[in-house]
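# Structure assessment
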Amino acid sequence: MQSLSNRKKILEQEPMNFWERIYLPAIFKGLAITLRHFFMKKNTIRYPEETREYSKNFRGMHSLKRDEFGRERCTACGLCALSCPAEAITMIAAERQKGEENLYREEKYAAVYEINMLRCIFCGLCEEACPKEAIYLDGPHVPPEYLRKDFIYGKDKLVEQPFINLEELSLNK
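Remember, predicted model here, so these are calculated numbers, not experimental data.

Let's shift gears to the overall build of the chain. Of the regular secondary structure elements, the chain holds 6 helices and 5 strands. Element order for the chain, N to C, with α for helix and β for strand: α-α-β-α-β-β-α-β-β-α-α. A globule of 173 residues ought to have a C-alpha radius of gyration of about 16 Å, yet the chain, at 29 Å, is considerably larger. Principal-axis analysis of the C-alpha atoms places the extent of the chain at approximately 90 × 50 × 30 Å. When the 173 residues of the chain are sorted by exposure, 25% land in the buried category. When contacts within the chain are restricted to residue pairs at least 6 apart in sequence, long-range pairs at least 24 apart make up 70% of them. Accessible surface, the chain: about 14500 Å² in total, of which carbon and sulfur atoms supply 56%. Computing the positive centroid from 27 side-chain charges and the negative centroid from 26, the chain places the two 9 Å apart.

Another aspect to go through is the nonpolar core. Formed by 24 residues in total, the largest nonpolar core has its most connected members in Ile89, Tyr113, Ile115, Met117 and Ile135. When residues in this core are grouped by element, the largest group, 3 residues, is from strand 3 (residues 108–116). In contact with Ile115, not counting residues within four places along its chain, are His62, Ala88, Ile89, Ile135, Phe151, Ile152, Tyr153 and Leu158.

With that out of the way, let us pick up the packing of aromatic side chains. For the coordinates displayed, the defined rule picks out 4 aromatic pairs. With centroids separated by 5.1 Å and ring planes inclined at 85°, the aromatic side chains of Phe38 and Phe39 adopt a geometry described as edge-to-face. A relative accessible area of 57% places Phe38 in the exposed class. Phe39 sits in the exposed class, given a relative accessible area of 67%.

Within this structure, the stated rule accounts for 2 cavities of 30 Å³ or more. In this model, the largest cavity occupies a volume close to 100 Å³. Lining of the largest cavity is provided by 15 residues; of these, Cys74, Cys77, Cys80, Cys130 and Ala134 occupy positions nearest its centre. When its residues are assigned to classes, the lining of the largest cavity shows 12 nonpolar, 2 polar and 1 charged. Lining the second largest cavity, in full, are His62, Cys84, Ala88, Ile89, Ile115, Cys120, Ile121, Phe122, Cys123, Gly124, Leu125 and Cys126.

In this section: the sheet that holds strand 2 (residues 89–95). Taken in spatial order, the 3 strands make up an open sheet running 2-3-5, and their pairing is antiparallel. Each end of this open sheet is capped by a strand with a single partner; those strands are strand 2 and strand 5 (152–153). Pairing of strand 3 with strand 5 involves 2 bridges; the strand directions are antiparallel. Residue pairing for strand 5: Ile115 is matched across the bridge by Tyr153.

Moving on, we come to the side chain of Ser63. Relative to the elements of secondary structure, Ser63 occurs in strand 1 (residues 63–64). According to the relative accessible area criterion, Ser63 is buried, its value standing at 12%. Among the polar contacts made by the side chain of Ser63, one reaches the side chain of Lys65 at a distance of 3.3 Å. For Ser63, the residues in contact, after removing those within four places along its chain, are Ala134, Ile135, Tyr136, Asp138 and Leu158.

Right, let's get into the pairing of strand 3. The pairing of strand 2 with strand 3 spans 7 bridges and is classified as antiparallel. The partner of Ile92 across the bridge, within strand 3, is Val112.

Next up on the list: the pattern of salt bridges. When the charged atoms of two side chains with opposite charge come close together, those side chains can pair. Under the counting rule described, the total for this entry stands at 6 salt bridges. One salt bridge connects Lys155 with Glu72, and the closest N-O pair in it is separated by 2.8 Å. With Lys155 in helix 5 (residues 155–158) and Glu72 in the loop between strand 1 and helix 3 (79–83), the pair connects residues that are 83 residues apart, well separated along the chain. For Lys155, a relative accessible area of 18% corresponds to the buried category. Here the salt bridges do not stand alone but share partners, grouping Lys65, Asp138 and Glu160 into one network.

Our next topic: unusual backbone geometry. Most peptide bonds are trans, and most residues other than glycine sit at a negative phi. You will see that Ala76, though not glycine, has its phi angle at about 55°, which is positive. Using a relative accessible area of 5% as the deciding quantity, one classes Ala76 as buried.

Parameters and conventions
- Residues numbered from 1 in each chain as written.
- Predicted model: local features only at pLDDT ≥ 70, side-chain atom pairs only at ≥ 80, totals over all residues.
- Heavy atoms only, no water.
- Helix = DSSP H or I, 4+ residues; strand = E, 2+ residues; numbered from the N terminus.
- Rg over C-alpha atoms; globule rule 2.2 N^0.38 Å.
- Buried < 20%, exposed > 50% of the residue type's maximum accessible area, 1.4 Å probe, protein only.
- Contact = heavy atoms within 4.5 Å.
- Areas by Shrake-Rupley, 256 points an atom, 1.4 Å probe, with all protein chains shown as cover.
- Lys, Arg positive; Asp, Glu negative; His and termini not counted.
- Charge placed at Lys NZ, Arg CZ, Asp CG, Glu CD.
- Core = buried A, V, L, I, M, F, W, Y, C linked by side-chain atoms within 4.5 Å.
- Phe/Tyr/Trp six-rings, centres within 6.5 Å; stacked < 30°, edge-to-face > 60°.
- 1 Å grid on protein atoms, 1.4 Å probe; cavity = no way out; pocket = protein on both sides within 12 Å on 5 of 7 lines; lining within 4 Å.
- Points joined across faces, edges and corners; volume = space filled by probe spheres on them.
- Nonpolar A, V, L, I, M, F, W, Y, C, P; charged D, E, K, R; others polar.
- Pairing = 2+ DSSP bridges.
- Polar contact = N/O pair within 3.5 Å; in protein donor to acceptor, adjacent residues only side chain to side chain.
- Salt bridge = Lys/Arg side-chain N within 4 Å of Asp/Glu carboxyl O.

Read these as geometric descriptors, not functional statements.
If you want it as structure tokens, here you go:
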């Protein structure tokens, strides 16, 4: 087939010498590289027994925070769901009832808060968008699961445990 520009470039190769034809120098160079890497320090980490140190800006699993009185900080404003580029966050807001003042910080709270970890790209935009500092990506890695439905995390897995003040417990006894 003729080229469109009608310009041909003829490449001339020099004939190989004896050592290049028998490939022994190339084989020995390859073996030398292999032996050099064989005696280098290994970077492998034996995961269950050893853990790797992460940088300060590591983004792990999400966690919904509580305030100093043990109430949930999330007010279901929806800014985290709006800022999520993967649309991984869904929530349903509800009004706080009488007697629930010690559970929720504001009149409005997230009755249902779910994050689909299969869709999440751990970008941290939900963390930046939250005006109440209720969501942080400060947990460990997302643990492996077998079923897709197990990667949808609700409030049962996301809300941190309430802080128990030992002084208050001793005063109540």
